[in-house]
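Chain by chain, the residues:
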Amino acid sequence: MALKRGRGVAAINYPTGMNLGGDPSQALVHSTPTGAFMVTLSSVDLGQGLRQVMAQICAETIGIPTEQVTIDTADTDTGPHCMGTFASRGTHRIGNAVAQAAREARQVMLEVAAEALEVDAGDLDTDGKGMIHVKGAPQKSISVFDTALAAHFKYGRSISGRGMFLVPRSFPETETGAMKPATCYAHACTVVDVEVDDETGEVDVVSVKNVFEVGRALNPSMVEQQLVGGSWMGISHALYETTEPYYPAREHGGRDFNEYLMPGPGNLAETETIVLERPAADGPYGAKGVGEMCANPQIPAVANAIFDAVGVRIDSLPITPEKILRALKAQRAAA
Amino acid sequence: MAKVPVQLTLNGTERAEFIDGGLTLLNALRDRFGDTSPKGGCHQGTCGACSVIVDGDLKLSCLTLAETCNGAHVETTAGLAADGIQHPLQRAFLDGFAAQCGFCTPGMIMAAKALLARVPNPSRDDVVEAISGNICRCTGYEPIIQAILSAARSNSQNAA
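What counts and how
Residues numbered from 1 in each chain as written. Chains lettered and ligands numbered in written order. Predicted model: local features only at pLDDT ≥ 70, side-chain atom pairs only at ≥ 80, totals over all residues. Heavy atoms only, no water. Helix = DSSP H or I, 4+ residues; strand = E, 2+ residues; numbered from the N terminus. Buried < 20%, exposed > 50% of the residue type's maximum accessible area, 1.4 Å probe, protein only. Contact = heavy atoms within 4.5 Å. Pairing = 2+ DSSP bridges. Axes fitted to C-alpha atoms, helices over the stretch in contact; angles between N-to-C directions. Core = buried A, V, L, I, M, F, W, Y, C linked by side-chain atoms within 4.5 Å. Domains from an automatic or database assignment. Salt bridge = Lys/Arg side-chain N within 4 Å of Asp/Glu carboxyl O.

Chemist: How would you explain the environment of Ala55 of chain A if you had to name every residue and give the values?
Modeler: Residues and elements named next belong to chain A. Secondary-structure assignment places Ala55 in helix 1 (residues 50-62). Taking the relative accessible area as the measure of exposure, Ala55 reaches 5% and is therefore buried. If near-sequence neighbours (up to four positions away) are discounted, Ala55 is found in contact with Thr66, Val69 and Ile71.

Below you can see the structure in the form of structure tokens.
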């Protein structure tokens, strides 16, 4: 009886969004009289940072500071249509809708500024700090603030835009069944080192090394946060969490927080996370969805590492000490 | 049932309410005193989201009866920022991206505050021990541990 070391590798590709009856999200953008911009959505920010990233996309597209954008989310009674924040679709689907709405709003903003400056709208550019100027002649300029005031009080225009991003319904080909249910794919690879006690079946995760390919990280700190937390969650799914350990039997399932097994801060494996950026052609500024995939590759990597360590294949989750001991017993009986 | 008077100092302000006997401190704070910063995660003392400091000690407010806090000094995250300036722990959590959904954050910060009051320069193990009663679903804990260590470092720099 001994502690056995093992290493497991797993790589995944993960679809952004889903497609059952088509996958739409819509956004509306408009300016206030003082040149702040409002983005109206029905999409929900449940902590993943959707509002921050949508503000960045809107600001970058219109050419104004991010602080000048307010995101109004999550009223499905009154907001533009959104399928929801799930399937790792938020940044990609809603981001594309916001970018489109912001492009239209920018165009109106430049038309108003052009009228006020008596120049051609095509000759205008933004500095990203709140000014609109003639290309090559930054002294001939007007602020976004004054442009909005002029639109509202002088020209009777609404600096606004509509964004409609729809991934049309994909039907399977009759002959092959092939279909295109998703858009771009994110990728990840994880290497896990474990130590398995072949007497108790306990698994100690020694190290986790992740590489995630995310398209473009629109907010690098929030992407890293998502990936670090997700990696931990993947390990937790691999080894600990279940409500029905003897599914379909209900026995011994956790009924509340007291009985639901989840690793705490004392059970952290040494984790390294690397981000690769390979912008997606169809993503807003190249972004893909990384919401769910960050917790995926750790699970097969742990299963492979356990196989490498003690030679047993566990094909149901979580991989508990009991399952490992039963498999080791069967292995010895077969030998 | 007769109401019970409870008088306590909440984040430095004297407050009094008549409450139902048996009301938890968590529900009293949220529903009677109007301080919704402590969160009710499990209501059974397991998740730590409701953690507050009572007379200097970290308490699970969901397992503490409000009437036992008569005359006590109660601290919550709502009282941490002074004159609009964030507490070093709040600053460290923000700078270190140590919150995602944010539900565990008030409990984590109060557990950290109680730790730093006892141990101004904690080791990583001290921090892990201090937040071991607090569950976080999003962050994987590492950013939280790092934020608390960072707040401790900035405190000791300011003191020096």
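Here the narrative resumes.
Chemist: Run through the sheet that holds strand 1 (residues 3-15) of chain A, naming residues and quoting values.
Modeler: All names here are of chain A. Strands sit in the order 1-9-10-11 across an open sheet of 4 strands; the sheet is mixed. Each edge of the open sheet is held by one strand with a lone partner, namely strand 1 and strand 11 (270-276). When the angles between neighbouring strand axes are averaged without regard to direction, this sheet yields 10°. When strand 1 meets strand 9 (residues 185-197), the two strands line up antiparallel, connected through 13 bridges. Residue pairing for strand 9: Pro15 is matched across the bridge by Tyr185. Of the strands in this sheet, strand 9, strand 10 (203-213) and strand 11 touch helix 4 (residues 220-239), which is tilted by about 140° from strand 10.

Chemist: How would you summarise the nonpolar core if you had to cite specific residues and measurements?
Modeler: Among the nonpolar cores identified, the biggest contains 46 residues, and Phe37, Leu41, Met54, Ile62 and Val98 of chain A are the most heavily contacted of them. No other element matches helix 2 (residues 90-117) of chain A, which puts 14 residues into this core. No fewer than three residues from each of domain 1 (3-16 + 182-334) and domain 2 (23-167) of chain A sit in this core. Judged by nonpolar contacts, the second largest core, of 30 residues, contains Met108, Leu116, Ala130 and Cys136 of chain B.

Chemist: Explain the pattern of salt bridges residue by residue, including any values.
Modeler: All names here are of chain A. For the coordinates displayed, the defined rule picks out 20 salt bridges over all chains. Here Arg255 and Glu259 are joined by a salt bridge, their closest N and O atoms 2.9 Å apart. Given a relative accessible area of 38%, Glu259 falls into the partly exposed group.

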